[in-house]
Amino acid sequence: MQSDDGRIYKASTEPDAQIFLQEITADVGRPAITNIEALTLEDEPIESAIAQFNRTGAMVFVTGQLTVDGLETSGLPRDPYQFPVIKATDTSITLEAAPLAIVQNKLREEFATGQLQVRVINSSSQ
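Notes on the structure follow. Along each chain, the written sequence defines residue order, and numbers are assigned to residues from 1. Totals for whole chains, interfaces and linings use every residue, but because this is a predicted model, local features are given only for residues with pLDDT of at least 70 and side-chain atom pairs only at 80 or more, for both listing and counting. Each side-chain value is derived from all of the structure's non-hydrogen atoms; neither hydrogens nor water enter the calculation.

### Structural notes on the overall build of the protein
Under the convention used in this document: Each helix is a run of DSSP H or I of at least 4 residues and each strand a run of E of at least 2, with the numbering of both proceeding from the N terminus. The buried label goes to any residue with under 20% of its type's maximum accessible area, the exposed label to any with over 50%, and the partly exposed label to all in between, with areas taken from a 1.4 Å probe on protein chains only. The contact definition used throughout considers only heavy atoms, calling two residues in contact when any of these lie within 4.5 Å. For the area figures, the Shrake-Rupley method with a 1.4 Å probe applies, and any residue is considered shielded solely by the protein chains shown.
Looking only at helices and strands, the protein has two helices and seven strands in total. Traced from its N-terminal end to its C-terminal end, the protein shows the element sequence β-β-β-α-β-β-β-α-β. Buried residues in the protein amount to 31% of all 126 residues. Within the protein, contacts between residues separated by at least 24 positions form 72% of all contacts whose residues are at least 6 apart in sequence. Only carbon and sulfur atoms are counted for the fraction: they give 48% of the accessible area of the protein, which is about 8300 Å².

### Describing the side chain of Glu 110
Heads up, the condition is: In this count, Lys and Arg are taken as positive residues and Asp and Glu as negative ones, while His and the chain termini are left out. Here a salt bridge means any side-chain nitrogen of Lys or Arg lying within 4 Å of a carboxyl oxygen belonging to Asp or Glu.
Relative to the assigned elements, Glu 110 resides in the loop between helix H2 (100-107) and strand S7 (111-123). Of the side chains bearing the opposite charge, Arg 108 lies closest to the buried Glu 110, which forms no salt bridge; the N-O distance is 11 Å. Other than its neighbours up to four places away in sequence, Glu 110 contacts Glu 44, Pro 45, Ile 46, Val 68, Asp 69 and Leu 71.

### Let's talk about the pairing of strand S4 (residues 58-67)
To be explicit about the condition: At least two DSSP bridges between two strands are required for those strands to pair.
Side chains Ala 58, Val 60, Val 62, Gly 64 and Leu 66 project from S4 onto a buried face, and the interleaved Met 59, Phe 61, Thr 63, Gln 65 and Thr 67 project onto a face without burial. Sheet topology places S4 next to S7; ten bridges connect them, and they run antiparallel. Counterpart to Ala 58 in the pairing with S7 is Asn 122. As paired strands, S4 and strand S6 (residues 92-99) are joined by six bridges and run antiparallel to one another. The partner of Gln 65 across the bridge, within S6, is Thr 94.

### Quick word on the sheet that holds S7
Selection rule: Under this scheme, a helix contributes an axis fitted over its contacting stretch, all axes are lines through C-alpha atoms, and angles between N-to-C directions fall in the 0 to 180 degree range.
If you trace the five strands from one edge of the open sheet to the other, you get S3-S7-S4-S6-S5, paired in antiparallel fashion. Both edges of this open sheet fall to strand S3 (32-45) and strand S5 (86-88), since each of them pairs with a single strand only. Pairwise comparison of adjacent strand axes, ignoring direction, gives a mean angle of 15° for this sheet.

### A look at the pattern of salt bridges
This model, assessed by the stated rule, comprises two salt bridges. Ionic pairing is found between Arg 55 and Glu 37, a salt bridge with its closest N-O pair at 3.8 Å. One end of the pair, Arg 55, is in the loop between helix H1 (46-50) and S4; the other, Glu 37, is in strand S3, and 18 residues separate them in sequence. Look at Arg 55 and you get partly exposed, because its relative accessible area is 33%.

### Considerations on unusual backbone geometry
Non-glycine residue Ala 97 carries a positive phi angle of around 50°. With respect to the secondary-structure elements, Ala 97 resides in strand S6. Phi at Arg 108 is positive, roughly 20°, even though this residue is not glycine. For Arg 108, the position within the fold is in the loop between H2 and S7. Look at Arg 108 and you get partly exposed, because its relative accessible area is 43%.

### A word on H2
Short version of the rule: An arc is given here, and it is the one of the directions from the helix axis to the C-beta atoms.
Listed in full, the buried residues belonging to H2 are Leu 100, Val 103, Gln 104 and Leu 107. For H2, the angular spread of buried residues about the axis comes to 100°, placing them on one side.

Honestly, that's just the spatial picture; any functional story needs more than this.
Below, the structure is given as structure tokens:
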């Protein structure tokens, strides 16, 4: 769940959630189509590898594990009240449902090797 100010929270019944759910009420909206694509990086810049998924009107989320050399982690989000979509050490990055814009902004030209799964969610125009 993303708030109006861009903060990200996990809403579920799981113990790692920031918002615990007992009941969900929703309005039916437009149908959505989700495409899941696999992406392999071989020591290449993260931003350019995922740029192909930057699609107008779509919600795009990135999940996976990457290996890097000497990552500077000080610029990564560390708000303890938000869901940690990016977890990193100086040699590895774990992405979990990370919005594409955050990955592009925070990891820019970092060279990485590994596997990613990209979910592209498009609402139909009906």
